[in-house]
Amino acid sequence: MADGELSYKGADAETLLGVAKQAVASLCSIQPEDVKVDGDGDILCSSGSAGVYVSVSTDPSALVFRAFLLEGVKESPALYALLNEINFDLHLGQVYYYEKSRSIRYYYKYFAENPSPELVAFIISEMNDIADHYDDRLKTRLGGERFNELADDEVDV
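The notes below deal with the structure included here. (Residues numbered from 1 in each chain as written. Predicted model: local features only at pLDDT ≥ 70, side-chain atom pairs only at ≥ 80, totals over all residues. Heavy atoms only, no water.)

Some points on the overall build of the protein
So, step 1. On a plain count of helices and strands, the protein comes out with 4 helices and 6 strands.
So, step 2. Each helix and strand of the protein, ordered N terminal to C terminal, gives the series α-β-β-β-α-β-β-α-β-α.
So, step 3. Residues counted as buried form 38% of the 157 residues belonging to the protein.
So, step 4. Here the analysis covers contacts within the protein between residues at least 6 apart in sequence; of these, 62% occur between residues at least 24 apart.
So, step 5. As displayed, the protein has an accessible area near 9100 Å², and 49% of this comes from carbon and sulfur atoms. (Helix = DSSP H or I, 4+ residues; strand = E, 2+ residues; numbered from the N terminus. Buried < 20%, exposed > 50% of the residue type's maximum accessible area, 1.4 Å probe, protein only. Contact = heavy atoms within 4.5 Å. Areas by Shrake-Rupley, 256 points an atom, 1.4 Å probe, with all protein chains shown as cover.)

Spelled out as structure tokens, the structure:
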């Protein structure tokens, strides 16, 4: 292998999507073929006041997990101090502030050559639990709206 050349190949996009569908299906007690993939290639698995989106990245090959904790949060030094404290305690992924939409997000990228649906389901479940835990605490300290509050608003319109 030449210097600078990656040896990681990863699973192909179709395999990763299939594993993600199997994982979400097992968590939702449905069949993999019934798992919905939106136009952007995202699969949503929602629990409590949080929801985790799973998508496929192809360069390099990975599964990407994203959760939107809060929207409409004002940027401040206290916000960044709080996010740093949370990141210090997290064992999976990281939280960050996205200035463009004034939102707090939770992110993890899983590189795998042979991912198992069981491990992917565990990651989704852990991220949902962590997002559900922190969105309430962050809302109390920083304001904003939780993921499912925004989804409920969209349904009522």
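A few points about the environment of Asp 12
So, step 1. With respect to the element layout, Asp 12 can be found in the segment before α1 (13–28).
So, step 2. A sequence separation of 50 residues divides Asp 12 from Ala 62, and the C-alpha atoms of the two residues are 8.8 Å apart.
So, step 3. From its side chain, Asp 12 meets the backbone nitrogen of Thr 15 in a polar contact 2.9 Å long. (Polar contact = N/O pair within 3.5 Å; in protein donor to acceptor, adjacent residues only side chain to side chain.)

Quick look at α1
So, step 1. Over its 16 residues, α1 runs 22 Å from end to end, which matches the ideal 22 Å to within 8%, given 1.5 Å per residue.
So, step 2. Among all positions in α1, only Leu 16, Val 19, Ala 20, Ala 23, Val 24 and Ala 25 are buried.
So, step 3. Those residues of α1 that are buried lie in contact with β1 (43–47), β2 (50–58), β3 (61–71) and α3 (117–142).
So, step 4. Looking at where α1 begins, the residue whose side-chain oxygen comes 3.1 Å from the main-chain nitrogen of Glu 14 is Asp 12. (Expected span 1.5 Å × (residues − 1).)

A look at the pairing of β2
So, step 1. Along β2, 7 of the 9 residues are buried, which leaves the element largely enclosed by surrounding structure.
So, step 2. Direction of pairing for β2 relative to β3: antiparallel, over a ladder of 7 bridges. Each residue of the ladder has a partner; that of Tyr 53, found in β3, is Arg 66.
So, step 3. A loop of 2 residues connects β2 with β3, the two strands running antiparallel in sequence. (Pairing = 2+ DSSP bridges.)

Quick look at unusual backbone geometry
So, step 1. Cis geometry marks the peptide bond from Asp 59 to Pro 60, where omega comes out at 0°.
So, step 2. Looking at the secondary structure, you find Pro 60 in the loop between β2 and β3.
So, step 3. Within the chain, Ser 29 stands out as a residue other than glycine whose phi angle is a positive 55°.
So, step 4. Exposure remark for Ser 29: the relative accessible area of 69% places this residue in the exposed category.
So, step 5. The phi dihedral of Arg 102 is positive, around 55°, even though this residue is not glycine.
So, step 6. Here Arg 102 lies in the loop between β4 (94–98) and β5 (103–110).

Some words on the packing of helix α2 (residues 77–89) against α3
So, step 1. Taken N-terminus to C-terminus, the directions of α2 and α3 make an angle of 160°; their axes are 11 Å apart at the nearest point. With respect to α3, the element α2 is oriented roughly antiparallel. Of the two possible hands of crossing, α2 and α3 adopt the one that is right-handed. Where α2 approaches α3, its residues Leu 79, Leu 82, Leu 83, Ile 86 and Asp 89 are matched on the opposing element by Tyr 134, Leu 138, Arg 141 and Leu 142.
So, step 2. Here the contact of α2 with α3 is built from residues that sort into 7 nonpolar, no polar and 2 charged. (Axes fitted to C-alpha atoms, helices over the stretch in contact; angles between N-to-C directions. Parallel < 35°, antiparallel > 145°, perpendicular 65-115°, else oblique. Left-handed = near helix turned anticlockwise from the far one by under 90°. Nonpolar A, V, L, I, M, F, W, Y, C, P; charged D, E, K, R; others polar.)

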